[in-house]
Each structure stands twice: as structure tokens, then as C-alpha cells.
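Residue strings, one per chain:
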Amino acid sequence: MQIQVSTNSSVEGSEQLTSEIESTVSSRLSRFADQLTRVEVHLVDENADKSGGGDKRCTIEARVAGQQPVAVSHNAGSLAEAFAGAANKLSSLLDSKMGKLDRRKGNQPMGGPGAS
């Protein structure tokens, strides 16, 4: 799974920030690593130097092998909160999407009939 991090001109994209995001994405989405080809994280400060809450946005796009890409966004007062919110949304979305794909293939979800 390839992970790409990008920022707009209003967000300082340090190597430390990129490393932390890559580490978090890898650990949060590790159970999907075989199905994901690429994850793109985009961090934006929508108001730049102006004050105001909820102006930080994180959009995460995940490319699932053989499927259309999926994307989620989250706005918050800080980049960390925006990233955490988007990561939570993506994890939930992939849980749902991968569960549906497994059921279409005839696999039983964990805890389903026949589970011990």
C-alpha cells in the first residue's frame, strides 16, 4: 500500500508530519493492506491566515484494487482533529465496503453463521 501526503500552501508539510500520518494510516488500515493499492491524504487550511473554527480539512482517498476509489473528508479546528476524523470515517467506510465485497464472494463475515 502506497501512502501519499499532500498539503496546500497554507499548511506546512514537514517530514515529521508526513511520517506521523504515514505511520497512522499504515496501522489504522493494516487489515486492508492487501486490498489497497494507494492512500492519498490531503491537508488543507481553507481560511489560511484568517481565524475561525473548522477551517482545517483532511480528505483521504483510498484506491481499492479492482474497485472505484473511495474518499472521505473531515473539517475541524486543527489538522490533527481533521486527520483523526477523516481516518475514522475511512476506516468505517472500508469496513462496510470490504464486508459487502466478502458477502458477495460468498464469504461469511466474522461472527457470522458457522463461527465458533
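Residues numbered from 1 in each chain as written. Predicted model: local features only at pLDDT ≥ 70, side-chain atom pairs only at ≥ 80, totals over all residues. Heavy atoms only, no water.

Peer 1: I'm lost on the overall build of the protein in this one. Help?
Peer 2: Scanning the protein from terminus to terminus reveals two helices and four strands. Starting at the N terminus and walking to the C terminus, you meet the elements of the protein as β-α-β-β-β-α. Counting every position in the protein, which comprises 116 residues, the buried fraction comes to 31%. Taking all contacts inside the protein whose residues are at least 6 apart in sequence as the whole, residues at least 24 apart take part in 49%. With an accessible surface of roughly 7,000 Å², the protein has 44% of that area assigned to carbon and sulfur atoms. (Helix = DSSP H or I, 4+ residues; strand = E, 2+ residues; numbered from the N terminus. Buried < 20%, exposed > 50% of the residue type's maximum accessible area, 1.4 Å probe, protein only. Contact = heavy atoms within 4.5 Å. Areas by Shrake-Rupley, 256 points an atom, 1.4 Å probe, with all protein chains shown as cover.)

Peer 1: Is there a simple way to think about the nonpolar core in this case?
Peer 2: As a rule of thumb, soluble globular proteins bury nonpolar side chains together. In terms of nonpolar packing, the biggest core is built from 24 residues, with Val41, Ile60 and Leu94 touching the most fellow members. Of all the secondary structure elements, the ones that give two or more residues to this core are helix H1 (15-28), strand E2 (36-45), strand E3 (56-64), strand E4 (70-76) and helix H2 (79-104). Leaving out residues up to four positions away in the same chain, Leu94 has contacts with Leu29, Phe32, Leu36, Val64, Val70 and Gly99. (Core = buried A, V, L, I, M, F, W, Y, C linked by side-chain atoms within 4.5 Å.)

Peer 1: How should the sheet that holds E4 be read in this particular structure?
Peer 2: Within a sheet, adjacent strands bond to each other through the backbone by hydrogen bonds, running parallel or antiparallel. Reading across from one edge, E1-E2-E3-E4 is the order of the four strands in this open sheet, with mixed pairing throughout. The sheet is open, and its two borders are formed by strand E1 (2-7) and E4, each paired with just one other strand. Neighbouring strand axes in the sheet, compared pairwise and without regard to direction, differ in orientation by 15° on average. (Pairing = 2+ DSSP bridges. Axes fitted to C-alpha atoms, helices over the stretch in contact; angles between N-to-C directions.)

Peer 1: What is the right way to look at the pattern of salt bridges in this model?
Peer 2: Oppositely charged side chains are able to pair whenever their charged atoms sit close together. Applying the stated criterion across every chain, the model contains seven salt bridges. Between Arg31 and Asp95 there is a salt bridge, and its shortest N-O distance comes to 3.1 Å. A residue pair is termed long-range when its members are at least 10 positions apart, and Arg31 in the loop between H1 and E2 and Asp95 in helix H2 qualify at 64 residues. Here Asp45 and Lys56 are joined by a salt bridge, their closest N and O atoms 3.7 Å apart. Of this pair, Asp45 sits in strand E2 while Lys56 sits in strand E3, placing them 11 residues apart in sequence. Here the two residues Asp45 and Lys56 agree in accessibility, since each one is buried. (Salt bridge = Lys/Arg side-chain N within 4 Å of Asp/Glu carboxyl O.)

Peer 1: Sorry if this is basic, but what is going on with the side chain of Glu40 here?
Peer 2: Mapped onto the fold, Glu40 is located in strand E2. The buried category is assigned to Glu40, whose relative accessible area is 12%. A polar atom in the side chain of Glu40 sits 2.8 Å from the side chain of Arg38. Filtering out sequence-adjacent residues up to four positions away, Glu40 remains in contact with Gln4, Thr59, Ile60, Glu61 and Arg63. (Polar contact = N/O pair within 3.5 Å; in protein donor to acceptor, adjacent residues only side chain to side chain.)

Peer 1: Honestly, the environment of Asp55 in this entry has me stumped. Any pointers?
Peer 2: Structurally, Asp55 is set in the loop between E2 and E3. Measuring from C-alpha to C-alpha, the distance between Asp55 and Gly77 comes to 6.1 Å, with 22 residues separating the pair along the chain.

Peer 1: Can you walk me through the environment of Ala62 in this structure?
Peer 2: Positionally, Ala62 belongs in strand E3. When the C-alpha atoms of Ala62 and Met1 are compared, they prove to be 9.8 Å apart, with 61 residues separating the residues in sequence. Residues in contact with Ala62, not counting those within four places in the same chain, are Leu36, Arg38, Val39, Pro69, Val70 and Leu90.

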